[in-house]
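Fold and geometry: a report
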4 protein chains.
Amino acid sequence: MTFASDNCGPAHPRIIEALARANDGYAASYGADDLMAQTRARLREIFEAPEAMVHLVATGTAANALALATLAQPWQTIYCTPLAHINCDECQAPEFYTGGCKLSLVGEADKMTPTELSAAIAEAGHGNVHVAQPGPVSLTQVTEMGRLYTLEELQALSGVAAAHGLPVHLDGARFANALVALGCTPAEMTWKAGIDAVSFGGTKNGCLGVEAVIVFNPVHSWEFELRRKRAGHLFSKHRFLSAQMLAYLADDLWLDMARAANARAARLAEGLRSLPDCAFLAEPQANMIFATLPRATHQRLHAAGAPYGLRAGQLDGADPAEPLSMRLVCDWSVSEAAIDSFVEAARG
Amino acid sequence: MTFASDNCGPAHPRIIEALARANDGYAASYGADDLMAQTRARLREIFEAPEAMVHLVATGTAANALALATLAQPWQTIYCTPLAHINCDECQAPEFYTGGCKLSLVGEADKMTPTELSAAIAEAGHGNVHVAQPGPVSLTQVTEMGRLYTLEELQALSGVAAAHGLPVHLDGARFANALVALGCTPAEMTWKAGIDAVSFGGTKNGCLGVEAVIVFNPVHSWEFELRRKRAGHLFSKHRFLSAQMLAYLADDLWLDMARAANARAARLAEGLRSLPDCAFLAEPQANMIFATLPRATHQRLHAAGAPYGLRAGQLDGADPAEPLSMRLVCDWSVSEAAIDSFVEAARG
Amino acid sequence: MTFASDNCGPAHPRIIEALARANDGYAASYGADDLMAQTRARLREIFEAPEAMVHLVATGTAANALALATLAQPWQTIYCTPLAHINCDECQAPEFYTGGCKLSLVGEADKMTPTELSAAIAEAGHGNVHVAQPGPVSLTQVTEMGRLYTLEELQALSGVAAAHGLPVHLDGARFANALVALGCTPAEMTWKAGIDAVSFGGTKNGCLGVEAVIVFNPVHSWEFELRRKRAGHLFSKHRFLSAQMLAYLADDLWLDMARAANARAARLAEGLRSLPDCAFLAEPQANMIFATLPRATHQRLHAAGAPYGLRAGQLDGADPAEPLSMRLVCDWSVSEAAIDSFVEAARG
Amino acid sequence: MTFASDNCGPAHPRIIEALARANDGYAASYGADDLMAQTRARLREIFEAPEAMVHLVATGTAANALALATLAQPWQTIYCTPLAHINCDECQAPEFYTGGCKLSLVGEADKMTPTELSAAIAEAGHGNVHVAQPGPVSLTQVTEMGRLYTLEELQALSGVAAAHGLPVHLDGARFANALVALGCTPAEMTWKAGIDAVSFGGTKNGCLGVEAVIVFNPVHSWEFELRRKRAGHLFSKHRFLSAQMLAYLADDLWLDMARAANARAARLAEGLRSLPDCAFLAEPQANMIFATLPRATHQRLHAAGAPYGLRAGQLDGADPAEPLSMRLVCDWSVSEAAIDSFVEAARG
């Protein structure tokens with residue numbers, strides 16, 4: 001399933017090698033390993049945030065849910081878009097971890113505007129005991145439709161949040177893909193843009209399973225550790241999380257993989273654009289493409305063993321021209337040859 | 001920290017190799033990988049339980065808490081010993097995951113007897129709306145003091161539970177160490193002894209981080225999957241959990257590592273027994289030793305860089321003869337030389 | 001605040017008298033009182049449901065949240081309208097009590113159609129572990145905009161739910177007002193229309209504070225009792241809840257009060273209709289009126305001590321003709337004179 | 001069941017009359033009623049705490065669970081005695097409301113000592129992420145065995161708590177009975193003795209169902225209101241809670257009723273003491289008596305329609321002399337004649 005998801009791709013060999021290297025003799029457990037100390041230092045350096053709280057977990061859902069539980073009170077509502085991963089793809093992990101927060105859906109799809117956010121917060125009943133109280137704003141970068149918030153958009157949204165005293169969380173499952181697309185620094189895309197907490201993804205971009213939760217105000221650190229432990233997300237042989245993250249960051253491997261993934265997606269988009277009946281549902285900006293092709297094209301691709309799925313609708317159907325939508329994701333490892341073959345097969 | 005914990009030891013090289021092998025091209029995500037199908041089949045075969053629910057998570061706390069949440073209702077109490085890992089070492093993960101279960105402590109330390117369990121259940125208020133209702137019984141094998149329940153003891157305890165309609169969970173973080181010590185089959189130590197659900201540990205016995213939750217009545221499988229997902233414990237690149245478990249089970253690696261760990265602990269116990277002032281707090285039966293040494297001995301060992309910690313008390317103190325307790329754990333990788341050196345250093 | 005809410009009105013004197021009568025000597029506590037046995041029998045008779053589970057609580061939010069927690073699993077979503085009391089007015093009690101359910105909003109305002117419900121259920125990911133699973137449907141009768149579902153509408157909605165195996169809950173905070181408006185029997189408006197559980201309101205319709213939770217399949221009764229107790233909603237001097245409910249049901253007091261409230265609201269609506277600038281936001285069908293009046297009219301009414309509030313907008317404002325919306329509620333006790341005075345004051 | 005529980009007794013007629021008086025016309029709902037303003041002012045005056053947070057709920061379990069949820073974090077443990085109502089009689093309401101706190105049992109029965117509390121806190125793992133963190137201390141006054149903490153004992157216990165930065169909660173379901181027995185002021189028995197939050201009971205001492213939660217540091221007030229609302233414990237017709245509490249406090253009714261109850265219990269204790277085979281399990285200090293009588297005496301009393309229950313053991317049994325324990329509670333309304341008859345019947 002080459003294009004189904006960056007979760008289907010392999011880890012980078014240097015990450016695997018780092019695991020093997022870390023597997024040497026005895027090491028302190030539960031996050032007290034030397035590699036974690038190095039990882040924390042390196043992430044603080046990369047984020048220009050020498051005091052930041054930095055902890056590792058193995059999944060993106062854990063990172064998001066634990067970060068939000070740390071930022072929110074149970075009687076609050078979390079502002080996110082209708083397509084947000086935390087709303088659509090985590091089986092209510094945020095509701096479970098926060099002890100019953102509501103999610104208030106802002107915007108129409110994968111992005112929200114400051115105007116929409118302002119209106120949503122104004123609608124809520126701050127100070128009215130009968131209704132959910134305003135809580136954290138959670139933004140996804142790269143969005144769930146493969147788009148980006150510009151730094152100005154992030155600043156404007158966090159400005160609205162700050163005006164109401166609300167913290168801002170960034171779901172950065174594809175943080176690196178966004179960063180290289182924007183060409184900015186990690187600090188610029190986070191705390192300098194008013195972001196309070198980040199789920200800094202490694203898994204989708206070439207690790208086996210590791211995400212860092214970074215909170216710029218370290219006052220939450222001990223609470224986060226307790227929440228992580230009681231959720232069963234504190235690894236005993238923690239060095240194997242640290243080793244992944246450290247190798248991911250070393251020698252800009254994370255940035256190189258993100259650039260490769262984005263470049264492949266751009267090539268794929270270019271190829272699709274050359275087809276007569278392809279329509280993009282969103283302008284691709286990172287490593288994901290949302291587009292439609294006629295049913296007949298999908299049928300031809302699937303007959304040829306196409307490595308992706310439809311987003312909706314049925315492959316079998318009466319009308320061969322009916323446009324059916326798909327999501328195509330390029331991970332760091334996909335080859336140009338695979339992309340070119342796919343486009344050729346689509347061209348028929 | 002050679003003897004501090006089996007969580008401090010390395011993974012077996014064959015497990016690391018399996019990760020590297022699994023890292024080949026694209027694979028279905030979220031548990032739909034081929035390796036998981038093989039893992040499930042293999043565990044069902046090993047447990048002689050062709051219908052059993054089998055799912056993987058990365059930590060023992062997740063395995064225990066998710067298993068108990070699946071077996072218990074929020075208004076029930078879980079019967080365990082005062083020293084149970086779920087009571088002492090999981091920062092209330094069971095309370096969090098079950099939505100507020102109580103833990104009722106049975107027995108004095110790490111083991112409970114059928115008489116004690118019967119009395120505890122009788123004390124509870126079955127049918128009295130004011131009090132916690134009887135819920136699952138959770139036993140640990142190897143216990144937290146390094147001891148074992150015999151098959152007869154397990155059967156007697158599960159018989160008490162069954163007489164009250166209560167399910168039985170086995171915390172098998174050191175399942176393999178117990179199995180080879182008892183010399184029985186996995187089926188005999190679980191469902192044939194009345195166990196309903198097992199946390200089948202891999203992490204402590206030579207994996208990086210993987211545990212299987214096995215429930216013999218598969219009616220709970222879909223609920224378990226939903227609970228795992230909303231807890232953030234479903235891995236996207238799941239093949240890296242499957243690969244560990246599959247390699248762990250292949251060619252009896254899991255049994256060989258457990259036998260090695262137990263043998264080393266027996267050698268260490270024999271060495272300690274030869275010292276004039278060593279007293280065992282529990283008769284070692286697997287790969288853990290709980291014993292006391294005089295303060296002066298501890299001081300000598302620590303001066304020599306001793307790779308373990310005290311359980312209680314202070315290394316510095318007035319009385320050099322005061323017995324201070326320690327826990328020593330042997331993992332699969334500890335060498336006979338390391339053991340012999342330790343004993344020699346203790347002998348002074 | 002005569003028209004602000006039926007929560008602001010007094011209890012019927014016969015309810016108060018019943019409390020005084022119940023206050024005689026010693027009575028069994030925690031729901032074992034004789035009056036509760038009578039209450040249960042009477043409600044089963046009224047609902048033609050001899051086996052139904054019947055329990056009392058003191059507030060509507062408790063009734064709704066406990067009923068939904070009993071019907072739902074934590075990983076499910078509850079289908080309700082955007083204006084549903086459980087969504088807008090309970091500070092996330094359903095999310096808290098269910099352990100993290102989501103609420104999926106169906107329809108545009110206070111009512112949903114079978115088509116909308118079908119679409120919402122179809123959208124959800126039954127069998128997809130990543131998303132909220134379909135759960136109970138919760139309908140409000142009288143709706144939050146003062147409208148009614150016809151029996152045919154209830155049947156059609158419950159038919160959709162049943163086709164997906166989902167239970168249906170009815171928030172009947174104004175059950176009696178709906179019943180007399182429809183002119184049907186309690187059975188027809190509930191289990192004969194496919195409703196599984198009802199919050200049967202007493203508080204708004206002339207009691208001090210009592211609601212019955214009725215579940216037609218009594219299999220949930222013991223679970224409900226445990227949930228009620230651990231939520232602190234089981235009254236020790238329970239006779240004072242029973243006495244209210246019993247007096248409420250005696251001699252059709254509940255129906256008489258509902259008829260009075262509805263008749264007063266009809267008179268008020270008729271009066272408002274005679275004003276030149278009054279517009280109804282929904283056709284009044286029970287005891288609530290949602291309408292707009294020009295700002296100048298509101299200002300005149302408030303200057304005269306008007307006993308109601310605005311729904312939105314500011315009393316002070318530049319444009320005297322701007323229509324501002326209000327909610328007017330008639331309880332059982334409001335006099336015709338009060339209504340006529342109000343209309344006259346509005347007329348100016 | 002005259003002696004079964006003070007929950008079985010009637011409300012005082014003046015409380016009922018106050019309800020009838022409060023039932024006059026329209027009143028603001030949800031705690032904004034004038035009577036609540038008066039109640040809050042009166043309680044602040046009585047407690048000499050002009051800033052204290054004061055809120056009403058209808059049950060003691062709600063008061064305790066909401067107060068503890070406000071004071072505790074989900075990863076903490078609450079220190080209480082094994083016989084504490086919150087441990088034995090609330091079906092895990094504290095665990096539910098706090099989101100998974102543990103209860104650590106201190107002492108042997110109904111009271112704890114500073115030494116025991118210190119040891120329990122020392123045992124806990126402050127700063128150790130694997131274990132429950134120290135949380136609130138909850139004391140019951142009158143205790144569940146009918147005993148009292150002296151002011152000195154309260155001060156000593158709260159001193160231990162304060163030394164560890166832990167807040168202290170007082171379960172005052174029988175606050176008034178304790179107060180008149182000690183002959184001190186409400187301030188002396190609470191904040192002057194280091195108590196941070198009180199469940200101030202009205203129900204058992206002559207109300208229908210009302211308890212005040214008083215927190216001396218008002219910083220928690222808004223959080224408490226939100227917790228109360230989302231738990232369904234905010235009354236819409238709140239004036240009926242306020243009216244009870246206000247009448248309870250008026251003209252020292254609460255103190256008079258407590259004095260009456262205590263005096264009757266003293267008379268009953270004196271009577272029992274005159275019997276040859278009565279043994280007290282605890283020295284009665286307020287309105288509860290825990291004692292044993294021979295089985296034959298119990299049988300005689302029950303044959304005569306005895307209004308109490310056994311605490312354990314069977315009424316039917318071989319040995320007529322076997323001592324069986326009972327709990328006898330005197331409420332404000334029990335007559336001297338009833339007591340004398342009971343003693344006479346016991347004497348045979």
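The rules behind the values
- Residues numbered from 1 in each chain as written.
- Chains lettered and ligands numbered in written order.
- Predicted model: local features only at pLDDT ≥ 70, side-chain atom pairs only at ≥ 80, totals over all residues.
- Heavy atoms only, no water.
- Pairing = 2+ DSSP bridges.
- Helix = DSSP H or I, 4+ residues; strand = E, 2+ residues; numbered from the N terminus.
- Axes fitted to C-alpha atoms, helices over the stretch in contact; angles between N-to-C directions.
- Contact = heavy atoms within 4.5 Å.
- Buried area = accessible area lost by both parts, 1.4 Å probe.
- Polar contact = N/O pair within 3.5 Å; in protein donor to acceptor, adjacent residues only side chain to side chain.
- Nonpolar A, V, L, I, M, F, W, Y, C, P; charged D, E, K, R; others polar.
- Buried < 20%, exposed > 50% of the residue type's maximum accessible area, 1.4 Å probe, protein only.
- Least-squares fit on C-alpha atoms with pLDDT ≥ 70 in both.
- Expected span 1.5 Å × (residues − 1).
- Arc of directions from axis to C-beta.
- Domains from an automatic or database assignment.
- Salt bridge = Lys/Arg side-chain N within 4 Å of Asp/Glu carboxyl O.

All names here are of chain B. Spatial ordering of the open sheet is given by β8-β9-β10, a layout of three strands whose pairing is antiparallel. The open sheet terminates on both sides in strands that have one partner only, identified here as β8 (279-280) and β10 (323-329). Note that strand β9 (residues 288-294) and β10 share seven bridges and pair antiparallel. Counted as the bridge partner of L293 is L324 from β10.

The next thing to look at is the sheet that holds strand β1 (residues 53-57) of chain A. Strand pairing within a sheet occurs via backbone hydrogen bonds; the two strands may be parallel or antiparallel. All names here are of chain A. Spatially, β1-β7-β6-β5-β4-β2-β3 is the arrangement adopted by the seven strands of the open sheet, whose pairing is mixed. Of all the strands in the sheet, the pair left with one neighbour each is β1 and β3 (102-105). Each strand axis lies, on average, 25° off the axis of its neighbour in the sheet, ignoring direction. Against the sheet, helix α3 (residues 60-71) touches β1, β2 (76-80), β4 (133-140), β5 (168-172), β6 (197-201) and β7 (211-215), its axis set at about 175° to β5.

Contact with chain A, which involves 49 residues of that partner, is made by 49 residues of chain B. Where chain A abuts chain B, roughly 4100 Å² becomes buried across the two surfaces, and 58% of that area is made up of carbon and sulfur atoms. For the chain A face of the interface with chain B, the top three residues by lost area are A:Y26, A:R230 and A:K237, together amounting to 21%. Linking chain A with chain B are 33 residue pairs in polar contact (both at pLDDT 80 or more), by the criterion used here. Secondary structure elements with two or more residues in the side of chain A that touches chain B: α1 (13-22), α3, α5 (93-98), α10 (221-230) and α11 (239-249) of chain A. Of the residues contributing to the side of chain A that touches chain B, the split by class is 24 nonpolar, 16 polar and nine charged.

Our focus in this paragraph is unusual backbone geometry. A cis geometry characterises the amide bond from B:Q141 onward to B:V142, with omega recorded as -10°. Along the chain, B:V142 falls in the loop between β4 (133-140) and α7 (151-163). One non-glycine residue, A:E48, lies in positive phi territory at about 50°. Along the polypeptide, A:E48 turns up in the loop between α2 (34-46) and β1. For A:E48, a relative accessible area of 39% gives the class partly exposed. Even without being glycine, C:D251 reaches a positive phi, approximately 55°. Among the secondary structure elements, C:D251 is positioned in the loop between α11 (239-249) and α12 (253-273). Under the relative-accessibility criterion, C:D251 is labelled exposed at 65%.

This part covers the side chain of D:T190. All names here are of chain D. Assignment of secondary structure puts T190 in the loop between α9 (186-189) and β6 (197-201). Exposure remark for T190: the relative accessible area of 0% places this residue in the buried category. A distance of 2.7 Å separates a polar side-chain atom of T190 from the backbone oxygen of P186. Apart from the residues within four sequence positions on either side, T190 is in contact with F47, L170, F175, I195, V198 and F216.

Let us look at helix α8 (residues 175-182) of chain B. Residues and elements named next belong to chain B. For α8, a buried count of six out of eight residues is recorded, marking the element as mostly surrounded by other parts of the structure. The complete set of buried residues in α8 reads F175, A176, N177, A178, L179 and V180. Of the surrounding elements, those touching the buried residues of α8 are β5 (168-172), α9 (186-189), β6 (197-201), α11 (239-249) and α12 (253-273). Just past α8, the residue G183 takes up positive phi, approximately 70°.

Between chain A and chain B, which share one sequence, the superposing operator has a rotation angle of 180° and an axial displacement of 0.0 Å; the RMSD is 0.0 Å. What the superposition gives is, in effect, a two-fold axis relating one chain to the other. Of every C-alpha in chain A, the one belonging to A:A231 sits nearest the axis of rotation, 3.7 Å from it. Mapped onto chain B, 100% of the interface residues of chain A are again interface residues, and the two copies thus contact each other with one and the same surface.

Quick reminder: α-helices carry 3.6 residues per turn. Residues three or four places apart thus point the same way. All names here are of chain B. Counted at 1.5 Å a residue, the expected span for helix α14 (residues 336-347) with its 12 residues is 16 Å, and the 16 Å between its end C-alpha atoms agrees. Taken together, the buried positions of α14 are occupied by I339, F342, V343 and A346. Taken end-on, α14 shows its buried residues confined to a sector of 95°, consistent with a single buried face.

Right, let's get into the domain arrangement of chain A. All names here are of chain A. Partitioning chain A into domains gives domain 1 (13-253) and domain 2 (255-347). Relative placement of domain 1 and domain 2: their C-alpha centres are 29 Å apart. Listed by partner, the interface residues are 20 residues for domain 1 and 20 residues for domain 2. Both sides together, the interface formed by domain 1 and domain 2 hides about 1700 Å², and carbon and sulfur atoms give 61% of it. At the surface where domain 1 touches domain 2, the tally comes to zero salt bridges. The interface formed by domain 1 and domain 2 contains eight residue pairs in polar contact (both at pLDDT 80 or more). Sort the elements by how many residues they give to the side of domain 1 that touches domain 2 and helix α8 (residues 175-182) lands first, with five residues.

Of the residues lining the interface, 49 residues belong to chain C; the matching set on chain D comes to 49 residues. Both faces considered, chain C and chain D share a buried interface measuring about 4000 Å² in area, 58% of it formed by carbon and sulfur atoms. At the junction of chain C with chain D, the criterion picks out zero salt bridges. Counting only elements with at least two residues in the side of chain C that touches chain D, the list comes to α1 (13-22), α3 (60-71), α5 (93-98), α10 (221-230) and α11 of chain C. Its residues assigned to classes, the side of chain C that touches chain D shows 24 nonpolar, 16 polar and nine charged.

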